[in-house]
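Tertiary structure, described
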Amino acid sequence: IQSAGDNRYIIRTETLPDEKANELLQAMEKELGDLDILRNEKVAPVIGGELTRNGIIALVLATILMIAYITYRFEFYFAVGGIAALLHDVLIMLSFMAIFQLEVDMNFIAAVLTILGYSINDTIVIFDRIRENSKSRKYKELAPLVNDSIMQTLRRTINTAVATIITLVALIVLGGDTTKVFAISLLVGCVSGAYSTIFIASPVWMVLKQKRSMGKRFTAQK
């Protein structure tokens, strides 16, 4: 039994025949009074397992394709930094759902995939600025290069996040029950994505490059 707010509850049981389900509802009405059934769904174990498997496959494929694209467009260490940030976002979203006991279903998987695209888009902007700035002769070390590149794109990152957050808050407040959990998942992922783009993706790339070059000046791939 899970509270859904506004005196509404989600009740999960094992798969019940219609007769048993009706008996359960009648017993609840006898004990609690009149009830309004807003939604009644049956998900067999086979179907639930298939949905979970398809969701995991979608996440794995998205990750592999992003690694391939970033490696081709930039370099492999950029891909590692980007995926590290995305892994952080997914874990934050899962932790939030677990802490507040919200339902994890295909809508949540859709929210995760959406945030992966949103977060990697912001990350790519910073990566592109790092690559452009690396052509300048004034940068002898990686730390100033990464710091300046992040600061130059910080306003764009914040503006994008704030605009998205405003939209999601409006959707949570004014939207229906069917989209509320989805919108909350997106909101958490949006905040996490803005954070990981600035504080995780580029620093991970810098650390890997420093270990490889041992502090020497580098040349970014075109």
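Residues numbered from 1 in each chain as written. Predicted model: local features only at pLDDT ≥ 70, side-chain atom pairs only at ≥ 80, totals over all residues. Heavy atoms only, no water.

Quick look at the overall build of the chain
When you go through the chain residue by residue, the secondary structure sums to 6 helices and 2 strands. Along the chain direction, N to C, the helices and strands of the chain fall in the order β-β-α-α-α-α-α-α. Expected size for 222 residues packed as a compact globule is a radius of gyration near 17 Å; at 23 Å, the chain overshoots this value by more than 25%. In terms of overall dimensions, the chain has a C-alpha envelope of 80 × 35 × 20 Å along the principal axes. (Helix = DSSP H or I, 4+ residues; strand = E, 2+ residues; numbered from the N terminus. Rg over C-alpha atoms; globule rule 2.2 N^0.38 Å.)

Let's talk about the side chain of Ser 149
Topologically, Ser 149 is positioned in helix α5 (residues 142-174). The class of Ser 149 is buried, set by a relative accessible area of 0%. Residues within four places of Ser 149 in sequence aside, it is in contact with Arg 129, Ile 130 and Asn 133. (Buried < 20%, exposed > 50% of the residue type's maximum accessible area, 1.4 Å probe, protein only. Contact = heavy atoms within 4.5 Å.)

Some points on a nonpolar patch on the surface
Where nonpolar side chains cluster on the molecular surface, the patch consists of Ile 1, Tyr 9 and Ile 11 and spans about 380 Å² of accessible area. By secondary structure assignment, the location of Tyr 9 is in strand β2 (residues 8-10). (Patch = residues over 30% accessible without salt bridge, like charges linked within 9 Å, V, L, I, M, F, W, Y side chains within 5 Å. Areas by Shrake-Rupley, 256 points an atom, 1.4 Å probe, with all protein chains shown as cover. Salt bridge = Lys/Arg side-chain N within 4 Å of Asp/Glu carboxyl O.)

Notes on the environment of Ala 194
Inspection of the secondary structure assignment puts Ala 194 in helix α6 (residues 177-213). It is 9.8 Å that separates the C-alpha atoms of Ala 194 and Ala 85, two residues lying 109 residues apart in sequence. Ignoring any residue separated from it by four or fewer positions in sequence, one finds Ala 194 in contact with Thr 157 and Ala 161.

Concerning the packing of helix α3 (residues 76-99) against α6
The relative placement of two packed helices is expressed as an angle between their axes plus a distance between the axes. Running from N to C, α3 and α6 point in directions that differ by 145°, and their axes come no closer than 6 Å. α6 is crossed by α3, and the crossing has right-handed handedness. Taken together, the residues of the contact of α3 with α6 sort by class into 18 nonpolar, 8 polar and 3 charged. (Axes fitted to C-alpha atoms, helices over the stretch in contact; angles between N-to-C directions. Left-handed = near helix turned anticlockwise from the far one by under 90°. Nonpolar A, V, L, I, M, F, W, Y, C, P; charged D, E, K, R; others polar.)

Concerning the packing of aromatic side chains
A full pass over the atoms with the stated rule returns 7 aromatic pairs. Consider the rings of Phe 78 and Phe 127, whose centres lie 4.5 Å apart with planes at 50°: the pair is tilted. Linking Phe 78 in helix α3 with Phe 127 in helix α4 (residues 106-133), this pair joins segments that are 49 residues apart in sequence. Ring centres 5.0 Å apart and planes at 35° place the aromatic pair Tyr 195 and Phe 199 in the tilted group. Residue Tyr 195 and its partner Phe 199 are located together in helix α6, separated by 4 residues, close to a single helical turn. (Phe/Tyr/Trp six-rings, centres within 6.5 Å; stacked < 30°, edge-to-face > 60°.)

Side note on the environment of Phe 74
Tracing the backbone through its elements, the reader meets Phe 74 in the loop between α2 (45-73) and α3. Using a relative accessible area of 2% as the deciding quantity, one classes Phe 74 as buried. Separated by 50 residues in the primary sequence, Phe 74 and Ile 124 have C-alpha atoms spaced 9.3 Å apart.

Here's the deal with the nonpolar core
Within the largest apolar cluster, 38 residues are counted, with the highest numbers of intra-cluster contacts made by Phe 78, Met 93, Val 112, Leu 116, Ile 130 and Trp 205. Every element with two or more residues in this core is listed here: α2, α3, α4, α5 and α6. In terms of residue count, α4 provides more of this core than any other element does, 10 residues in total. With near-sequence residues (within four places) excluded, Phe 78 lies in contact with Ile 70, Phe 127, Ile 130 and Trp 205. (Core = buried A, V, L, I, M, F, W, Y, C linked by side-chain atoms within 4.5 Å.)

A word on the pattern of salt bridges
Counted according to the given criterion, the structure contains 4 salt bridges. Between Asp 128 and Arg 131 there is a salt bridge, with its nearest N and O atoms 2.9 Å apart. With Asp 128 and Arg 131 both in helix α4 and 3 residues apart, this pair spans about one turn of that helix.

Quick notes on the confidence of the model for the chain
Summarising the model, the chain shows a mean pLDDT of 85, and 92% of its residues fall at 70 or more. By mean pLDDT, strand β1 (residues 2-5) is the weakest element of the chain at 71, and α3 is the strongest at 94. Note on residues 217-222: pLDDT is under 50 here. Beyond four places in sequence and across chains, it has 19 contacts. (pLDDT = per-residue confidence, 0-100.)

Brief notes about the side chain of Ser 134
Counting through the fold element by element, Ser 134 comes out in the loop between α4 and α5. Of note is the side chain of Ser 134, whose polar atom sits 2.6 Å from the backbone oxygen of Arg 131. (Polar contact = N/O pair within 3.5 Å; in protein donor to acceptor, adjacent residues only side chain to side chain.)

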